[in-house]
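# Secondary and tertiary structure notes
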Amino acid sequence: MNDCIFCKIVRGEIPSVKIYEDDLVFAFLDISPINFGHTLVIPKEHHQSASTIPEAVAGRMFHIGSRIGVALRRKCDYDAYNLHLADGAAAGQVVMHAHLHVVPRQAEDGFHWNWRQLKYPEGRMAEIAAGVSARLAADLGEES
């Protein structure tokens, strides 16, 4: 995609601080990090949604992301890391090229995801599970 900022980074048209690159993925430091070392791992081919990324590429993104997380822990003395992928604007995706955030963490770094916790009404959990399982099986061409 010609006007995608991440595609321009992959093509070298916009500078980045590269962490890793292979035939499938490109990883670079986020210019507005949550913590120093915050890295983005992207498929080199443009995909707006994680749902269209080929399985081998998605697997590679998560494999490299976890390896980067381990390297950040060791090199920068972080306690942990998050792998975060937002799929769609409603989920917080800002750049519409699928990307995996590798966010290094310290126990008291002050960053919080601020997730709420809901309670399922009686029967709703089973209803959702059955419906999603059936839809997934149909999408994958399997019997539920």
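The following refers to the structure shown. Since the structure is predicted, the reported quantities are computational estimates derived from the model, not experimental observations.

Pairing in this open sheet of 5 strands is antiparallel, and the strands run β1-β2-β3-β5-β4 from one edge to the other. Because the sheet does not close on itself, it has two edges, and the strands there are β1 (18-21) and β4 (80-84). Within the sheet, the average angular offset between the axes of one strand and its neighbour, ignoring direction, is 15°. Relative to strand β2 (residues 25-29), β1 runs antiparallel, the two sharing 3 bridges. Across the sheet, the residue bridging to K18 is F28, located in β2.

With that settled, the discussion passes to the pattern of salt bridges. Going through the model one piece at a time under the given rule, you end up with 7 salt bridges. Between E21 and K44 there is a salt bridge, with the nearest N and O atoms lying 2.8 Å from each other. Taken together, the residues span a long stretch of sequence, with E21 in strand β1 and K44 in the loop between β3 (39-43) and α2 (55-76) at a distance of 23 residues. Given a relative accessible area of 25%, K44 falls into the partly exposed group. If you follow the salt bridges from partner to partner, you end up with K18, E21 and K44 in one network.

Position of H99 relative to the elements: it lies in the loop between β4 and β5 (100-105). Its relative accessible area of 7% is what places H99 among the buried residues. Within the structure, H99 has its side chain in polar contact with the backbone oxygen of H97 (distance 2.7 Å). A polar side-chain atom of H99 sits 3.5 Å from a polar atom in the side chain of H101. Residues contacting H99, with those up to four places away along its chain left out, are F6, L40, V41, I42, M61, H84, L85 and Q93.

Next up on the list: the packing of aromatic side chains. Each pair of aromatic rings is reported with the distance of its centres and the angle of its planes. Evaluation of the coordinates by the stated rule reveals 4 aromatic pairs. Both rings, one in F6 and one in F28, keep their centres 5.5 Å apart while their planes meet at 75°; by these two values the pair is edge-to-face. A residue pair is termed long-range when its members are at least 10 positions apart, and F6 in helix α1 (residues 5-10) and F28 in strand β2 qualify at 22 residues. By the burial criterion, F6 is buried, and F28 matches it.

What follows concerns the side chain of H47. By the secondary structure assignment, H47 is in the loop between β3 and α2. Polar side-chain contacts of H47 include one of 2.7 Å to the side chain of E45. Other than its neighbours up to four places away in sequence, H47 contacts T52, I53, P54, M96, H97 and A98.

Reading guide: rules and limits
- Residues numbered from 1 in each chain as written.
- Predicted model: local features only at pLDDT ≥ 70, side-chain atom pairs only at ≥ 80, totals over all residues.
- Heavy atoms only, no water.
- Pairing = 2+ DSSP bridges.
- Helix = DSSP H or I, 4+ residues; strand = E, 2+ residues; numbered from the N terminus.
- Axes fitted to C-alpha atoms, helices over the stretch in contact; angles between N-to-C directions.
- Salt bridge = Lys/Arg side-chain N within 4 Å of Asp/Glu carboxyl O.
- Buried < 20%, exposed > 50% of the residue type's maximum accessible area, 1.4 Å probe, protein only.
- Polar contact = N/O pair within 3.5 Å; in protein donor to acceptor, adjacent residues only side chain to side chain.
- Contact = heavy atoms within 4.5 Å.
- Phe/Tyr/Trp six-rings, centres within 6.5 Å; stacked < 30°, edge-to-face > 60°.

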